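In case you want the letters, here they are:
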Amino acid sequence: MAHTSGDIDTHGGGERPPSTGLASDALPEVQKPVLAVNSQTGVSTRNALSGTEEVASDRVNVSPNKTIKRKPKDVPHWYALRVTYGREKRAYDYLIGKHVEAYYPTIKTVKEVDGKRKSVEESRLPNIFFARGTEEEMKSFVYDNVNLPYLRFYYRHFHEGARIVKEPLIVPDCQIESLKIICASEAEDIILVPSDIHKFKKGQTVRIIDGVFKGVIGKVARYQGQQRVAVIIDGLLTIASAYVPSAFLQSID
């Protein structure tokens, strides 16, 4: 059921953020992303499918009487990948050429080139794109220092006792789908939220049930004076929708 404004927990006020940055795990030469706002044109989003079947679970039936449990590394996931010097499109095109499912969010901006105004397609998330496959499949590209020497995993770090362990960052399917919806919309006021802003993490989990952001699942909060819903990819980024009215929000327990 949709909720009125009194039902949705929106923390905080409307302060202006500092310049936007992403995860600190990037290589030194990786550029910091800029505010993902474009007031001149619409947005295009790159996404390609490999044509292979998705694995619905971690079990595979090989005969009517026998089931083999897959190891987690054998199950396809979305991985966050980073590149140096803005070569995300080059890496994306290479993976697509190898029939890998990949997602490269882009935005169209108008720039002056040789005295003429031209529409230019740029990365919405500088130095970042996403690819889907098993961990071993992704490693075959990340560790390919001949063709892709500039490609790396984004890693998440966690503790095992006194040790700090890292593993490639997996992005849940639902977050990729929500990210696609936000980036594909023609809304002008989409923003990357600085990592030191925590109000979305405290917000209520909701699903947007109407409007251009229909289908997005995320956290709701007021930011820069407007109610928004944000997709939080831990350790990487938080991207927030433009204004969403309370009537379009459905709380998720």
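Cut-offs and rules
- Residues numbered from 1 in each chain as written.
- Predicted model: local features only at pLDDT ≥ 70, side-chain atom pairs only at ≥ 80, totals over all residues.
- Heavy atoms only, no water.
- Phe/Tyr/Trp six-rings, centres within 6.5 Å; stacked < 30°, edge-to-face > 60°.
- Helix = DSSP H or I, 4+ residues; strand = E, 2+ residues; numbered from the N terminus.
- Buried < 20%, exposed > 50% of the residue type's maximum accessible area, 1.4 Å probe, protein only.
- Lys NZ or Arg CZ within 6 Å of the ring centre and 35° of its normal.
- Expected span 1.5 Å × (residues − 1).
- Pairing = 2+ DSSP bridges.
- Polar contact = N/O pair within 3.5 Å; in protein donor to acceptor, adjacent residues only side chain to side chain.
- Salt bridge = Lys/Arg side-chain N within 4 Å of Asp/Glu carboxyl O.

Colleague: Quick rundown of the packing of aromatic side chains? Include the residues and the values.
Modeller: On inspection of all chains with the given rule, the structure shows six aromatic pairs. For the ring pair Y79 and F153, a centre distance of 5.8 Å and an interplane angle of 55 degrees mean the geometry is tilted. Here F153 lies in strand β8 (residues 151–153) and Y79 lies in strand β4 (residues 77–83), a separation of 74 residues in the sequence. The exposure class assigned to F153 is buried, which follows from its relative accessible area of 1%. Here Y92 and F129 contribute two aromatic rings whose centre-to-centre distance is 6.5 Å and whose plane-to-plane angle is 90 degrees, an arrangement assigned as edge-to-face. One end of the pair, Y92, is in helix α1 (residues 88–97); the other, F129, is in strand β7 (residues 128–133), with 37 residues separating them in the sequence. Each member of the pair Y92 and F129 is classed as buried. Taken together, the aromatic side chains of Y79, F153 and Y155 make up a single cluster linked through ring pairs. Above the face of the Y154 ring, R82 is positioned so that its terminal group lies 5.6 Å from the ring centre.

Colleague: Give me helix α3 (residues 173–184): which residues, what numbers.
Modeller: Here α3 is 12 residues long and its end C-alpha atoms lie 16 Å apart, about the 16 Å a rise of 1.5 Å per residue gives. Of the positions making up α3, those classed as buried are Q175, I176, S178, L179, K180, I182 and C183.

Colleague: An account of the pairing of strand β6 (residues 116–123) is needed here, citing residue identities and associated values.
Modeller: Consecutive side chains of a regular strand alternate in pointing toward one face of the sheet and then the other. Taken together, the eight bridges between strand β5 (residues 101–113) and β6 define a ladder with antiparallel strand orientation. The residue bridging V110 from the neighbouring strand is S119, located in β6. If you look at the hairpin formed by β5 and β6, you'll find two residues sitting between the two strands, and D114 has a positive phi there, around 55 degrees.

Colleague: Could you give an account of the side chain of R228, naming the residues involved and the relevant values?
Modeller: The topology assignment puts R228 in strand β15 (residues 226–233). On the accessibility criterion, R228 (1% relative accessible area) is buried. Side-chain polar atoms of R228 contact the backbone oxygen of Y223, separated by 3.0 Å.

Colleague: Account for the pattern of salt bridges, naming residues and giving values.
Modeller: Within this structure, the stated rule accounts for nine salt bridges. A salt bridge links D93 to K89, with the shortest nitrogen-to-oxygen separation between them at 2.7 Å. Here K89 and D93 lie together in helix α1, a separation of four residues that amounts to about one turn. Relative accessible area serves as the criterion here: at 33%, K89 is assigned to the partly exposed category. Across the pair R156 and E167 runs a salt bridge whose closest N-O atoms are separated by 2.7 Å. With R156 in strand β9 (residues 155–160) and E167 in strand β10 (residues 163–168), this pair connects stretches of sequence that are 11 residues apart.

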